[in-house]
Amino acid sequence: MIPARWAVSLVVMLLSSVTANSQTQPSSSSASQTATGNWPTASPAEGGGLSDARLRSLDAAIRSGEFKKIGSVLIARHGKLAYEGYFDGDAGTLRNTRSATKSITDVLIGIAIDEHKLSGVDAKILTLLPERARKIQNPDPRKAAITVEDFLTMSSPLECDDWNDASRGNEERMYVVENWAQFILDLPIRGRMHVGEQVEAPPHGRYFSYCTGGVFTLSEVLEKATGMRTDHYARKKLFRPLGITNVEWVYSPMNVPQTGGGLQLTSRDLLKIAQLYLDGGEWQGKRIVSEAWVRSSTQPHARIDEATEYGYLWWLKSFKSGEKSYPAFFMTGNGGNKVVAIPALDMAVVITSTNYNTHGMHEQTDKILTDYVLAAIER
């Protein structure tokens, strides 16, 4: 996630690049993979098992203004691009999905572990970043125990909570200093009030606290472990193998790639990340990251609320349509952006939106997913 104050300039940049008329392009099987960004295609009905009528009603609902500031909706079924609709920009438009791109950091950590560049999720952050440890404020032995897994699961003991404006580690406070990683590691240990003397252990043994700065710190961890700046490592190990060539990173004042959000990709390329994990870490038959890492990343490690759990920078919940409920793992970010994988349907969905900092932004894209996309399933 990036600061709210950047939203205006980013939206202006996006608006300057859009065409006068939005496009809807249900894919046809005759379209070439080159034209669709290395995606094999299928018709919605024949290849995707999707209702053409329901998808047309989705298009009409977005164009009528029922849903606000929707940029694109893409659906892949059984590994093929079955539907793509553009309502702001086109297939080449870079989408700022904010924190949705945290999940890409998980992929990069998994690749680094697969390559034995990083010892594993138990690797200690301060051991990997000794220059940070030497200058640390608010020293505490619990800081020395913070691991890569703690940042992957948003459950480090640091007083960092982006959902609490009063938190000392809130990301807005990080953005106004130069050294973001040092800012995060200097934070005090958080405390929790409780009623009565007995404290119940949290589900999965971890207290969830949404912390963008911790995920950013993994950028420095990746660079230290791999010997490559994170954006270069991503290009070599993830983007190039996926055929992704058009990306735009956000950088800290010290020129460290922001792995906590703001990475811009096209809608089709975002869809590839979901498809990669649906296929157990392979893209069109080529292994990118291990299947074991994908399984670990998409199983619950912390609980957010009664309906939502958290993996390794992936959100986990079920989406209900009609009488059926579909477990999913997904990327999500400010504006209501979602990149969703639904294993039971062998389906990946991208919904991009610039509805930033707006009440109901996530409920809006959830409704698109449940009332239109999932409702379009015929077989």
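Before reading on, note that the structure itself is shown above.
Residues numbered from 1 in each chain as written. Predicted model: local features only at pLDDT ≥ 70, side-chain atom pairs only at ≥ 80, totals over all residues. Heavy atoms only, no water.

### A look at the packing of helix 2 (residues 52–63) against helix 14 (residues 361–373)
To keep things clear, this is the line we draw: Convention adopted: a line fitted to C-alpha atoms gives each axis, helices being fitted over their contacting stretch, and angles between N-to-C directions are expressed from 0 to 180 degrees. A run of DSSP states H or I qualifies as a helix once it reaches four residues; a run of E qualifies as a strand once it reaches two. Both are numbered from the N-terminal end. Any two residues having at least one pair of non-hydrogen atoms within 4.5 Å are treated as being in contact. Note on residue categories: nonpolar means Ala, Val, Leu, Ile, Met, Phe, Trp, Tyr, Cys or Pro, charged means Asp, Glu, Lys or Arg, and polar means any other residue, Gly included.
Relative to each other, helix 2 and helix 14 sit at 145°, their axes nearing to 10 Å. The residues of helix 14 that touch helix 2, namely those facing Arg54, Ser57, Leu58 and Ala61, are Ile368, Asp371, Tyr372 and Val373. A class-by-class count of the residues in the contact of helix 2 with helix 14 yields 5 nonpolar, 1 polar and 2 charged.

### Thoughts on the nonpolar core
The following threshold applies: In this description, a nonpolar core means a group of buried Ala, Val, Leu, Ile, Met, Phe, Trp, Tyr and Cys residues linked to one another through side-chain atoms lying within 4.5 Å. Note on exposure labels: buried denotes an accessible area under 20% of the residue type's maximum, exposed denotes more than 50%, and partly exposed covers the range between, all computed with a 1.4 Å probe on protein chains only.
Judged by nonpolar contacts, the single largest core of 111 residues is most densely connected at Val73, Leu118, Val148, Leu238 and Met347. Those residues in contact with Met347 that sit more than four places away from it in its chain are Leu50, Ile75, Ala76, Arg77, Leu278, Val340, Ala341, Ile342, Val373, Leu374 and Ile377.

### Focus: the packing of aromatic side chains
Selection rule: For Phe, Tyr and Trp, where Trp contributes only its six-membered ring, two rings pair if their centres lie within 6.5 Å, and the inter-plane angle classes them as stacked under 30 degrees, edge-to-face over 60, or tilted in between. For a lysine, the NZ atom is tested; for an arginine, the CZ atom; a charge sits over a ring if that atom is within 6 Å of the ring centre and within 35 degrees of the ring normal.
Using the criterion set out here, one finds 16 aromatic pairs in the structure. With a centroid separation of 6.4 Å and an interplanar angle of 25°, the aromatic rings of Trp315 and Phe330 are classed as stacked. Remark: Phe330 occurs in strand 11 (residues 324–333) and Trp315 occurs in strand 10 (residues 315–321); sequence separation between them is 15 residues. Each of the two residues, Trp315 as well as Phe330, counts as buried. Here a set of aromatic residues connected by ring pairs shows up, and it is made of Trp163, Phe208, Tyr210, Tyr310, Trp315, Phe319 and Phe330. The ring of Tyr372 has Arg54 sitting right over it, with the charged end atom 4.4 Å from the ring centre. Its end group placed over the ring of Tyr356, Arg98 keeps NZ or CZ at 3.7 Å from the ring centre.

### Observations regarding the pattern of salt bridges
Rules: Just to be clear on terms, a salt bridge is a Lys or Arg side-chain nitrogen sitting within 4 Å of an Asp or Glu carboxyl oxygen.
The final tally for this structure, using the stated rule, is 15 salt bridges. The salt bridge partner of Arg142 is Asp140, with a shortest N-O separation of 3.0 Å. Arg142 gets classed as partly exposed once you look at its relative accessible area, which sits at 49%. For Asp140, a relative accessible area of 21% corresponds to the partly exposed category. Several salt bridges share partner residues, and in doing so they unite Glu149, Asp150 and Arg206 into one network.

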